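Listed below, chain by chain, are the residues.
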Amino acid sequence: MDAEDTAVRLGAPVEEVDRVRRLAGDRPSAPLPDRADAPALLRRLAVPPDDADEIMAGWPEPDSPLWTPELRWLLDRTIALVRADLGGHEWLPPGPALPRERGPAWRHLYVYAYLALVDVVRAYHRDHGVPDAVSWATLADLGRNLAVDRRMGGAGWPVMQSWLTLHARGGIYELGRLQHQRGDTIGLHIPEAGPLAPEAIDASLDEARAFFPRHFPDESHTEFSCGSWLLDPQLREYLPEDSNIVRFQRRFTLDPYEEPEGIDADVEVVRFVFRTLDTPLHRLPRHTALQRAVVDHLAAGRHWRWCTGRFPI
């Protein structure tokens, strides 16, 4: 495989193609599910109908003209790269961002990789005694992310394709309202799934307190942690003290603030609150207190912060 030629054909940076080649090496890949079984699996993974139709239309059949040799190579080596880190819980980009306007094979290559890894990670879950309900609830984050990406006109996927490798490796678990990432601490993530009601947060934390010692007894966790713009104390200038976000903040002791490398909090807050990356500030909606806070803060020339905090398990 010539990395430079493959990169040109993929429309991707050569260093990212070479990274896939190096990390995947000759490690084993995994097969996709049978095409006949795919519609039921996509429904199980909460994939919206429009996305499911596209995924099926671009299915990597052996004789499909949509699948060029370089695309087939990237799919195979991406699966191998992620599978090689089964059980890992760090951020793992699976491959380069692709020009998704070229068609469904390009648009959904990393979705096909995810589908190929479902049986692999489900076996890992079973080895650790993870209940089926938790396993499927966790993996169904695929559908949630595809729906968000569609709302964003495809602009969300470059981040999501890396995020979803946590699910495909057994590094994260959805337990009620929150997602819980394994690591030195239990990292908390907040999916787009309704309000941050304190009782729902309490129930999710209690579930995690029992879940990790039971299913990962060799790992020792003493703290929950979170890194998010949701922990920015500046939000208290705009939101009432009894708001769910402020009550969520109060659970944490914040670390000393440091500008995070590679994260623009202004971009991330707009991405999450408005699901857009390119709408001018004056055209963003102002229907909720949070939306008004985000817009007013940025319009005043101020910036949001990506804060990290923790509290004992």
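In short, a report on the structure. Residue indices follow the written sequence of each chain, beginning from 1 at its first position. In keeping with the model being predicted, local features are shown solely for residues with a pLDDT of at least 70 and side-chain atom pairs are shown and tallied solely at 80 or more, while totals for entire chains, interfaces and linings include all residues. Only hydrogens and water are set aside; all other atoms, that is, all heavy atoms of the structure, feed into the side-chain values.

### Digging into the overall build of the chain
Each helix and strand in the chain was counted, giving 15 helices and six strands. We take the radius of gyration over the C-alpha atoms and set the globule estimate at 2.2 Å times the residue count to the 0.38 power. The C-alpha radius of gyration of the chain comes to 20 Å, within 12% of the 20 Å expected for a compact globule of 313 residues. In terms of overall dimensions, the chain has C-alpha extents of about 60 × 50 × 35 Å along its principal axes. Expressed as a percentage of its 313 residues, the buried residues of the chain come to 52%. In this description a helix means any DSSP run of H or I spanning at least four residues, a strand means any run of E spanning at least two, and both kinds are numbered starting from the N terminus. For every residue, the accessible area obtained with a 1.4 Å probe (protein chains only) is divided by the maximum for its type, and the residue is called buried under 20%, exposed over 50%, and partly exposed between those limits.

### Some thoughts on the packing of helix 4 (residues 49–57) against helix 9 (residues 141–151)
In this description, a line fitted to the C-alpha atoms serves as the axis of each element, helices being fitted only across the stretch in contact, and the angle between N-to-C directions of two axes falls anywhere from 0 to 180 degrees. Where helix 4 contacts helix 9, the axes come no closer than 9 Å and their chain directions differ by 95°. Considering the angle they form, helix 4 stands roughly perpendicular to helix 9. Residues Asp50, Asp51, Glu54 and Ile55 of helix 4 pack against Leu146, Ala147 and Arg150 of helix 9. Under the convention adopted here, Pro, Cys and the residues Ala, Val, Leu, Ile, Met, Phe, Trp and Tyr are nonpolar, Asp, Glu, Lys and Arg are charged, and Gly plus all remaining residues are polar. Residue classes in the contact of helix 4 with helix 9 are distributed as three nonpolar, no polar and four charged. An angle counts as roughly parallel when it lies under 35 degrees, as roughly antiparallel when it exceeds 145, as roughly perpendicular when it falls between 65 and 115, and as oblique in every other case. Note on definitions: a residue-residue contact is assigned when non-hydrogen atoms from the two residues lie within 4.5 Å.

### Quick look at the nonpolar core
Formed by 54 residues in total, the largest nonpolar core has its most connected members in Leu45, Ile55, Leu115 and Leu142. Excluding anything up to four places from it in sequence, leucine 142 contacts Leu45, Val47, Val111, Tyr114, Leu115, Trp157 and Leu164. Buried Ala, Val, Leu, Ile, Met, Phe, Trp, Tyr and Cys residues that are joined via side-chain atoms within 4.5 Å together make up what is termed a nonpolar core.

### Re the sheet that holds strand 5 (residues 253–254)
We treat two strands as partners when DSSP finds at least two bridges between them. Read across the open sheet, the six strands follow the order 1-2-3-4-6-5; overall the sheet is mixed. Edge positions in the open sheet fall to strand 1 (172–175) and strand 5, since each of these has one partner strand only. Of the pairings in the sheet, the one linking strand 3 (residues 186–189) to strand 4 (residues 223–228) comprises two bridges and is parallel in character. Bridge pairing in strand 4 links glycine 187 to serine 225.

### Details of unusual backbone geometry
Positive phi is not limited to glycine here, since alanine 46 has a value of about 60°. Structurally, alanine 46 is set in the loop between helix 3 (38–44) and helix 4. Backbone geometry places arginine 275, a non-glycine residue, at a positive phi of 55°. When you line up the elements, arginine 275 lands in the loop between helix 14 (265–274) and helix 15 (289–299). Classification of arginine 275 as buried rests on a relative accessible area of 12%.

### Description of the pattern of salt bridges
Any carboxyl oxygen of Asp or Glu within 4 Å of a side-chain nitrogen of Lys or Arg constitutes a salt bridge here. As enumerated under the stated definition, the model contains 24 salt bridges in all. Here arginine 77 and aspartate 76 are joined by a salt bridge, their closest N and O atoms 2.8 Å apart. Relative accessible area serves as the criterion here: at 10%, arginine 77 is assigned to the buried category. A relative accessible area of 33% places aspartate 76 in the partly exposed class. With a closest N to O distance of 2.5 Å, aspartate 85 and arginine 169 form a salt bridge. Of the two residues, aspartate 85 is situated in the loop between helix 5 (69–84) and helix 6 (104–107) and arginine 169 in the loop between helix 11 (165–168) and strand 1; the sequence distance between them amounts to 84 residues. The exposure class of arginine 169 is buried, given its relative accessible area of 0%. One connected set of salt bridges, linked through shared partners, spans Asp51, Glu54, Arg107 and Arg150.

### Thoughts on the state of the cysteines
Two cysteine sulfur atoms form a disulfide, by the criterion used here, when they sit within 2.5 Å. The tally for this structure, following the rule as stated, stands at zero disulfides. Cysteine 226 takes part in no disulfide bond, and the closest cysteine sulfur to it belongs to cysteine 307, at a distance of 10 Å. Overall, cysteine 226 belongs to the buried group, its relative accessible area being 4%. Overall, cysteine 307 belongs to the buried group, its relative accessible area being 6%.

### Overview of the packing of helix 2 (residues 14–24) against helix 5
Interhelical geometry of helix 2 versus helix 5 gives an angle of 50° and a closest axis separation of 9 Å. When the axis of helix 2 is compared with that of helix 5, the two are oblique. Read as a crossing pair, helix 2 and helix 5 show a hand that is left-handed. On the side of helix 2, the interface is formed by Val17, Arg19, Val20, Arg21, Leu23 and Ala24, while helix 5 contributes Trp73, Leu74, Arg77, Thr78, Ala80 and Leu81. Partitioning the contact of helix 2 with helix 5 into residue classes produces eight nonpolar, one polar and three charged. Working rule for handedness: look at the near helix, and if it is turned counterclockwise from the far one by less than a right angle, call the crossing left-handed; if clockwise, right-handed.

### What to know about the packing of aromatic side chains
Only rings of Phe, Tyr and Trp enter the pairing, Trp through its six-membered ring, and a pair is recorded when the two centres are within 6.5 Å. The plane angle decides the type: under 30 degrees is stacked, over 60 is edge-to-face, the rest tilted. Within this structure, the stated rule accounts for 13 aromatic pairs. Centroid distance tyrosine 173 to phenylalanine 216: 5.7 Å. Interplanar angle 50°. Geometry classified as tilted. Within this pair, whereas tyrosine 173 is found in strand 1, its partner phenylalanine 216 is found in the loop between helix 12 (198–215) and strand 4, the two being separated by 43 residues in sequence. The exposure classification of tyrosine 173 matches that of phenylalanine 216, with both residues buried. Both rings, one in tyrosine 238 and one in tryptophan 304, keep their centres 6.0 Å apart while their planes meet at 55°; by these two values the pair is tilted. Residue tyrosine 238 is found in the loop between strand 4 and helix 13 (244–249), and its partner tryptophan 304 is found in the loop between helix 15 and strand 6 (307–312); the two are separated by 66 residues along the sequence. Overall, the relative accessible area of 27% leaves tyrosine 238 in the partly exposed class. By definition here, charges over rings are those cases where NZ of Lys or CZ of Arg is within 6 Å of the ring centre and within 35 degrees of the ring normal. A cation over a ring is seen here: arginine 102 above tryptophan 106, with NZ or CZ 4.5 Å from the ring centre. The aromatic ring of phenylalanine 272 is capped on one face by arginine 275, whose charged end is 4.8 Å from the ring centroid.

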